[in-house]
Structures are given as C-alpha cells and as structure tokens.
Amino acid sequence: MDLNSASTVVLQVLTQATSQDTAVLKPAEEQLKQWETQPGFYSVLLNIFTNHTLDINVRWLAVLYFKNGIDRYWRRVAPHALSEEEKSTLRAGLITNFNEPVNQIATQIAVLIAKVARLDCPRQWPELIPTLIESVKVQDDLRQHRALLTFYHVTKTLASKRLAADRKLFYDLASGIYNFACSLWNHHTDTFLQHVSSGGEAAVLSSLERTLLSLKVLRKLTVNGFVEPHKNMEVMGFLHGIFDRLKQFLECSRNIGTDNVCRDRLEKTIILFTKVLLDFLDQHPFSFTPLIQRSLEFSVSYVFTEVGEGVTFERFIVQCMNLIKMIVKNYAYKPSKNFEDSSPETLEAHKIKMAFFTYPTLTEICRRLVSHYFLLTEEELTMWEEDPEGFTVEETGGDSWKYSLRPCTEVLFIDIFHEYNQTLTPVLLEMMQTLQGPTNVEDMNALLIKDAVYNAVGLAAYELFDSVDFDQWFKNQLLPELQVIHNRYKPLRRRVIWLIGQWISVKFKSDLRPMLYEAICNLLQDQDLVVRIETATTLKLTVDDFEFRTDQFLPYLETMFTLLFQLLQQVTECDTKMHVLHVLSCVIERVNIQGLGADSKNLYPFLLPVIQLSTDVSQPPHVYLLEDGLELWLVTLENSPCVTPELLRIFQNMSPLLELSSENLRTCFKIINGYIFLSSTEFLQTYAVGLCQSFCELLKEITTEGQVQVLKVVENALKVNPVLGPQMFQPILPCVFRGIIEGERYPVVMSTYLGVMGRVLLQNTSFFSSLLNEMAHKFNQEMDQLLGNMIEMWVDRMDNITQPERRKLSALALLSLLPSDNSVIQDKFCGIINISVEGLHDVMTEDPETGTYKDCMLMSHLEEPKVTEDEEPPTEQDKRKKMLALKDPVHTVSLQQFIYEKLKAQQELLGEQGFQSLMETVDTEIVTQLQEFLQGF
C-alpha cells in the first residue's frame, strides 16, 4: 500500500466508518477489514492518528485499528504478519513525538506502544526505554506528561509477563532504571508540595498528575522488579519513605477543597501509596518484615486515634485496615506450634507483631472498632428509611470487605478477635455486661451502641462459645428485646434476630426453637421491611442447621410460608427477590415434602402461588426467580399424591417457558413427565394439543439432546396411556416414522425413535395400522413395502439401542407382528428372530439351582425395594413409576414365553412344512441359541 496515494483513500473510509448511518458504516468497516492484512496499512494509520489537524473521531478510530492489528498481526508467526521492515518503521514512528493533545487518544497510543513493547522490548526495540527516560526529562509539560504516561503503561505491561526469561529481563530493567524512577518521583512530589502552598490549581493538578504516574511506575518496579527486594537499599529506602510522604499528602488535604479534580487526584495518589505497601506485603512478606512496625504504627494511629481526624477519608481507612488485617493474618508471620521448627524470618516477624499488639493497643482497637466504626451512620439510617432493599443488599455484599468501610471493619474485627481472643474476650464481655436490660427508646445513641456491641457478639460467636451462656441470654435478654415494637427499636430488632442467626449453629438449645419460631412469625409481620428481610435470613440459617427438627417446625410452617410469600411479592429488587425465594426453597427442602408424602398437598395453598409467580414469563420477577421456581414445581409434582385443579392449572405457564428454549428446558421436560405420571388422562386431555404444537416447533430448532428429551416425553405418554397417548401426540409420530425409515444418523435419537414406535406397535396395533396407512400415502408406497422397509431399518439399527428395556421392547414389538401370512413380514422373519434372540441374551439369567433360564426384567407386586438409612424414602412419583412398571409389557411379559407362543402360532398358521421353510431362513447358530433358551417349553 503506497503511503502517499493510500492515505487519502484510507482517511475517507475511516471517516465513513465513524458515520451513524449503517448504510455508510457497514461498507466502510468491510473495506477496513480487507485492508488489515495489506502491507503499509498500519503505516498509513500511524500517519493519520499522529496528524493533529484531522477529526478526533477519525484519529481515535485509526488508533483502535492499529491497536487491534498488533494483537493479530505483529507476532512473526501470525498469519499475514507484518514485515520486519514495516514494524521497524512503525516502532520508530511511535516514539518520535510525545505530543498528543487529546487525553483519550494519548492513553490509547500509550497502551498500543506497551503492546508492542510486550512483544519486542528490549531485543527488537532497545531504544524504547532510553527514549522514554530522556523524554520524561524535557521541560515541555505536554511532552513530559505523555512520555510519563507511556513509561507507566510500558512498565505495567512488562511487569505482567510471567515466563522466566521475561522475568529476568524485567529484573534487569528494574535494576537499571530504579534510581532514575525514584529521582523522578521525588522531583514531581516535591514540585507538587511546593505548588500546594504557593501555586494555582492548574499547577497543582499538573504536578500531581505527574506524581501519580511516576508513583505508578515505581509501584510496578518495586513489587515485580526484584527477587530479594530487601537487599536493595534504594527499594527499602523508597518504601520506608512512603510513610512520611503519606503524612505530607494527608496534610495537603486540609488545603485542597473537598469537591474538585485536585481532591480526587490527591486521594487516588494517597490510595496508591497504600497499594504499594499492600502489594509488596502480598508478594514479598519476609522482605516486608522491616516495615511491619512502621506500617502498624502508622495505620493504627490514623485509624484508631485522633491523629487521623480531619485528614482521613473512607477509602484510605479501608486500605489501612486491610494492611493491619494482612499483617495479622499473614501465614508467613505465624510460627509453628513447635517454635523451633519455625524459620528465623517468621520468628522475627512474629516478635515484632507481639511487641506491637499489647493489651492496651488491642483493647483500644477493639473498643474503637465497636463503639466508633460499628455504629450505624446517619447516611445508613437514611438509606434504611429511603431504600430498605438497597440497605440490605449493601450490608451483605460479596467482596465488599476489600473496598467498603463497614464490611472491612467487621472482617478486621473477626481476624483480630480470632488471633487475640484470650485478650479481647473479657473486653467484649464487659461491654455486654453494661448493656443488660432494655434501652431507653428516646436515647438513640444508646440504641446504636447496643446494636454495635450485639454486632460484635454475633461476629465473634465461635470465639465466645465457652464464655457466653447464650440460651439464658436468649430467654432473658434477647427475646424480650424482639418484642419491643417502638419504631426507634427497629435497628435492635433487626440486629437481635441477626445475632440469633449467627449463634444458631454455635450454641442454641433445641428446646428453645419453638420460642424462636414464634418470634420469627411475629417479626415476619414487622412493619419494617429490613427487619423482615433479616428475619428471613435467620429462618434459613435455622432450618439449615443440623439440629433442625421437622416436628418442631411444622406448626409454624403455613404461617411462615404465607408471610414469606407476601414478602416475596412486596420486595422489588432482583437480589432481594432471589434471596427470599431461596429461603422459601430451603424451608421446603428441609421440611422434606418427601417425608410428608400424601400430606404434602396440605402445603399447596401457599406452595402453588409461589410456583405460579416465579414461572410466569409475563411477570417481571420470572427473570430471576425462574430456576428456583421450576425446581420447586418439580419437587412438588414428584411428591404429590394426586392431581388437584390448582396443580393442573399452573401448567398454563409451561408453553411460554418452552418457547424460551433456555438452559431450564431439561427441568421443564421433567415437570411435563411428572404430570404424565401423575394424571395422564386428565393432563393429556387438557394440555396435549398445545404441548404437541410446542414440541413440533422445538423439534425444528433444538439440539440433538433436546430432541431426545422431547421424544422421551412422548414415549412416557405412550407407556402410561397407550390409548390416549398416540392420539394426542399424533402430529409428532410421522416425524418419528420418517426418521426410522430414512435411517436417522444420530444413534441416541434413533434409539428413542425406535422406543416410541415400539410402544405404538406393541400397545396400540390399530393406531399403528392407521399411521402406517398415512405414511404410505406420504411416501407414495404400498403399506406392506413401507412396513418391510421399517423392519429392515429396525433390525439394521438395533445396535443403536443400549438400554435393556428398549431392546426387550423392540423384540416384543416386532414379535407382535406374528403370526402372519403377509409375505413381507415372512420375508423379514429372519431379522425378527435375530432381534428376539439378542433380546433373550439381554434379559435371560440362569437360575443356578434349577439350571433353567428366567427373564430378569419381570416384576411382581411382591417385590418391595429395600431402602437403607442413607437413602431418601421413595417419592410419590417413584411409587407411581413402580405401579406403572407392574402394567408395562416390558416388565410383565416373559420374552421367552412370548417368543414361544408367537412361534407356535406361526407354526399353526403355516403348517409344519411351511414353518420349517421359514425357520430355514434363520442362521443355524441363531436357531441353536433359540432352542437352548426355549428348553422346557
């Protein structure tokens, strides 16, 4: 691609590619895609995005195409790789001028230079780092900033490489430039501090931006650039200097407004200091040992004393707490039980920790955490009032402890209390003692203090096991507090029920549970939504506990379920709805509908509305309730003793669910099967027409596995109801017949086709005849000819069938065509006998006492399966399947007997000579095996 002639054309197409008109945009994108592999294309892009007179959107797009091209075509082994000559030209062009005026484009250019550096630096691009170092020294503000921005992205990218050779290169790079990086950072830091006291906002922001970028470079070099960083004086000097720099920057916050860009950048820089310490501690715990004392002194003074007042902010406090937490929990600093087995480095770190965490220090940390950081804030109380669901979600966030103040303080409390529980248990018990009895509802501060202490007692439940008589405390203190209904007491009602949930699996006498269930029923009717949501959570913890007893819970089940369903309908947030439905599911699972058996229908008044709501696609909640709702529906069906009008009615939700074709289809098919086993006649008469239409649509677009699931439903319907089943699913059966005749190529699908057709042929002969007649018209063939083709394909594909039940079914089905004087059937007699003998091999077992064979698939009413203690008792559906099996020819008809009777009837029809002629078409070995199986008949 000639640069001079191509630039105009490429520029024009890039301009078209920024259009909002798809008629213009699409052809331009196609053209650019074709040019991606053209030599010279990326040189043209470089010329375009470095031309500051062109439109910003066009330049932005040129940068993006260049950046994407690096990923696809820069490596030497890539298809359509760029030539080494062009890459050399591009590398030189990328670092000629660091003068991009647009921030967003400058960042993209820095990123793409870093991408090239990842592949080429330092071997193919040795001049990159020296050029960057020289460029960050220039006096021009723009050039200096852009070079520093690029320096950071290159360092970040090279630091992320993990191969040993790459690590060695980065170590060499870090050693070579660390002194310069420190000097650069100190220079920009000092400049910033000078500007804060004397300069204007623009100068402060400019110098602060450079301080931040140079610190980002140092972070990568410090954390990733040295194998044993504690042996490098410059590295340790920088790290020790962080604490003084942090104090300077925190003091600067007094002179910078609370709501401007400078403040935002300042806080980001302060947080970056703490990230350097946290990353270094994580990657080099033993190298961090000389910093333990200073880190703890600094963090504790700013977070737990008056030193931090007026200068700290939430994210900084969180980072300091994370630093304390990481030092307290670090396994590298924990000696073995036998001190002599511990390394000197571990013992040194442990000694420093023990010297710092004295009784006064630990006591002050514990008291400040509880009495200051655990207190609900004005903002939280306002959120509680204005957005109760948002408050609840905020309180229970997943990894929020790393970033949010409240979860972070709680995690720090748990870790410190666990590590120093002997020291801190008396402190917390003393705080508990001062809060005995009710609290004045007019004293909001006292209520919040009690809430905070109860929070601590809940978090430390496992540590306080031997120190708190929780059963007495529950009866004498907590239960009465739950009964205080004043509006100002709601934080305590919510906290107490949460606290009980924390202790339920630690120490809670089983006899007290009915009292708790009574309290839960009352709280689920509380006027406050947050209290009700918290109560639902405690209910889940209660029923999940291993000491849960169904008999204690059943008297409260209906009330709780009704109240939970009301809560489910009231809440609006996705997370809250899912949480409440999960509680409902846990309750149902633990109450064990299976155990209730026939009594489970008593739960329908409050069970079915939940299923109805959560599986109705016209209702918005279905989006996040569907999976749990379907599972609930399925377990309800499986354990239902009989169908009810209400249970039948909710199947109206199924057709739209099938249209979704989602990952829940498998459960949907199980539910459909559940209805077929439960009440086939009523169900099929009501829903089979619509269901058949849905199945016909599904079969057009569904996967092979999905086709099998649909056909299994049809097969079950034919098995359960041989008369009504074929009529109701008649529109699907021609497709099955055609699949057999044409030799369906997927074995699992063919096996299911044969299972469906075997049921029709064996159990509804008249329907099979009408189907055969219909298919003969469609194929424009004689019925006998079509039947012969079907039998031939059946025999040929018998190996596709792996389930013994289906193999026996095939044998019974084909044998049911006998006796016959039809020449086509007689022509296929050999194949029918072959399948029959195969079936005998599958099902016949020898009785060692009598030496005779018997059909192992035969079942009788006398056989009751034994259930071990480890097994779940059979569901109602299990019982229905057992009763169905007792009527199924596969389990009631002896294949051995059936073959004998059919052959005898065929012999009587044809006479001895005719029958012998027919038997001579069968392989002699097969005949011998048949005779062995039929001995005694």
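It should be noted that the structure appears before, not after, this text.
As the structure is a prediction and not an experimental result, all values here were calculated from the model.

(A) Up close: the overall build of the chain. Looking only at helices and strands, the chain features 46 helices and two strands. Relative to the 2.2 N^0.38 estimate, which gives 30 Å for 937 residues, the radius of gyration of the chain is 39 Å and therefore markedly larger than a compact globule would have. Principal-axis analysis of the C-alpha atoms places the extent of the chain at approximately 120 × 90 × 60 Å. Per-residue burial for the chain yields a buried fraction of 53% across its 937 residues. Counting only contacts in the chain whose residues sit at least 6 apart along the sequence, the fraction spanning at least 24 positions is 74%. Per element, the accessible surface of the chain, about 42,500 Å² overall, is 50% carbon and sulfur. Computed over 84 positive and 121 negative side-chain charges, the separation of the two mean positions in the chain equals 6 Å.

(B) Spotlight on a negative patch on the surface. Residues Glu386, Asp387, Glu573 and Asp575 make up a contiguous surface patch of negative charge. Of note, aspartate 575 is situated in helix H27 (residues 574-591).

(C) Broad picture of the pattern of salt bridges. Tallying each qualifying case throughout the model produces 46 salt bridges. The closest approach of N and O atoms between aspartate 244 and arginine 294, which form a salt bridge, is 3.0 Å. Residue aspartate 244 is found in helix H11 (residues 233-252), and its partner arginine 294 is found in helix H13 (residues 289-304); the two are separated by 50 residues along the sequence. Taking the relative accessible area as the measure of exposure, aspartate 244 reaches 42% and is therefore partly exposed. Assessed through its relative accessible area of 26%, arginine 294 is described here as partly exposed. Glutamate 385 is paired through a salt bridge with lysine 490; the nearest N and O atoms lie 2.5 Å apart. Of this pair, glutamate 385 sits in helix H17 (residues 378-386) while lysine 490 sits in helix H23 (residues 490-503), and the two are 105 residues apart along the sequence. Salt bridges linked by common partners bring Glu209, Asp264, Arg265 and Lys268 together as one network.

(D) Main features of empty space enclosed by the protein. For the coordinates displayed, the defined rule picks out one cavity of 30 Å³ or more. Taken as a whole, the largest cavity spans an internal volume of roughly 40 Å³. Lining of the largest cavity is provided by Leu246, Thr274, Leu277, Leu278, Phe298, Ser299, Gln319, Cys320 and Leu323.

(E) Just the packing of helix H42 (residues 829-843) against helix H45 (residues 895-919), in detail. Two elements in contact, H42 and H45, have axes whose closest approach is 12 Å; the angle formed by their N-to-C orientations is 150°. By the angle class used here, H42 and H45 are roughly antiparallel. In the packing of H42 onto H45, the handedness of the crossing is left-handed. In this structure, H42 contributes Phe829, Ile833, Ser836, Gly839, Leu840 and Val843 to the contact, and H45 contributes Leu895, Gln896, Ile899, Leu903, Leu918 and Met919. Counted by class, the contact of H42 with H45 contains nine nonpolar, three polar and no charged residues.

(F) Region of the structure containing the side chain of arginine 807. When you line up the elements, arginine 807 lands in helix H40 (residues 804-815). Side chain to side chain, arginine 807 and glutamate 838 meet in a polar contact 2.8 Å long. Beyond its immediate stretch of four places on either side in the chain, arginine 807 contacts Met798, Asp799, Ile801, Thr802, Glu838 and Asp842.

(G) Molecular detail of the side chain of serine 287. Its place among the elements puts serine 287 in the loop between helix H12 (261-283) and H13. Contacts of serine 287, omitting those with residues within four sequence positions, involve Pro229, His230, Met236 and Phe280.

(H) Up close: the nonpolar core. Formed by 328 residues in total, the largest nonpolar core has its most connected members in Phe413, Ile500, Trp633, Ile672 and Phe695. Ignoring any residue separated from it by four or fewer positions in sequence, one finds phenylalanine 695 in contact with Leu658, Phe669, Ile672, Val710, Val713, Val714, Phe729 and Ile732.

(I) Representation of unusual backbone geometry in the model. Following cysteine 121, the chain continues into proline 122 via a peptide bond in cis, with omega recorded as 5°. By secondary structure assignment, the location of proline 122 is in the loop between helix H6 (103-120) and helix H7 (128-135). Phi at histidine 80 takes a positive value of approximately 60°, unusual for a residue other than glycine. Here histidine 80 lies in the loop between helix H4 (56-73) and helix H5 (84-94). In this structure, asparagine 780 takes a positive phi of about 60° despite not being glycine. Checked against the element boundaries, asparagine 780 lands in the loop between helix H38 (765-779) and helix H39 (783-796).

(J) Broad picture of the packing of aromatic side chains. According to the stated counting rule, one finds 39 aromatic pairs in the structure shown. Between the aromatic rings of phenylalanine 651 and tyrosine 687, the centroid separation amounts to 4.9 Å while the plane-to-plane angle is 55°, which identifies the pairing as tilted. Here the residue phenylalanine 651 occupies a position in the loop between helix H31 (645-649) and helix H32 (654-660), and tyrosine 687 occupies one in helix H33 (residues 665-701), the gap between them amounting to 36 residues. Classification of tyrosine 687 by relative accessible area gives buried; the value is 14%. Three or more aromatic residues joined by ring pairs form one cluster here, namely Trp35, Phe41, Tyr42, Phe49, Phe66 and Tyr73. Here the basic side chain of lysine 334 rests over the ring of tyrosine 331, its NZ or CZ set 5.3 Å away from the ring centre. Positioned over the ring face of tryptophan 498 is arginine 495, at 4.8 Å from the centre of the ring.

Criteria and thresholds
Residues numbered from 1 in each chain as written. Predicted model: local features only at pLDDT ≥ 70, side-chain atom pairs only at ≥ 80, totals over all residues. Heavy atoms only, no water. Helix = DSSP H or I, 4+ residues; strand = E, 2+ residues; numbered from the N terminus. Rg over C-alpha atoms; globule rule 2.2 N^0.38 Å. Buried < 20%, exposed > 50% of the residue type's maximum accessible area, 1.4 Å probe, protein only. Contact = heavy atoms within 4.5 Å. Areas by Shrake-Rupley, 256 points an atom, 1.4 Å probe, with all protein chains shown as cover. Lys, Arg positive; Asp, Glu negative; His and termini not counted. Charge placed at Lys NZ, Arg CZ, Asp CG, Glu CD. Patch = residues over 30% accessible without salt bridge, like charges linked within 9 Å, V, L, I, M, F, W, Y side chains within 5 Å. Salt bridge = Lys/Arg side-chain N within 4 Å of Asp/Glu carboxyl O. 1 Å grid on protein atoms, 1.4 Å probe; cavity = no way out; pocket = protein on both sides within 12 Å on 5 of 7 lines; lining within 4 Å. Points joined across faces, edges and corners; volume = space filled by probe spheres on them. Axes fitted to C-alpha atoms, helices over the stretch in contact; angles between N-to-C directions. Parallel < 35°, antiparallel > 145°, perpendicular 65-115°, else oblique. Left-handed = near helix turned anticlockwise from the far one by under 90°. Nonpolar A, V, L, I, M, F, W, Y, C, P; charged D, E, K, R; others polar. Polar contact = N/O pair within 3.5 Å; in protein donor to acceptor, adjacent residues only side chain to side chain. Core = buried A, V, L, I, M, F, W, Y, C linked by side-chain atoms within 4.5 Å. Phe/Tyr/Trp six-rings, centres within 6.5 Å; stacked < 30°, edge-to-face > 60°. Lys NZ or Arg CZ within 6 Å of the ring centre and 35° of its normal.

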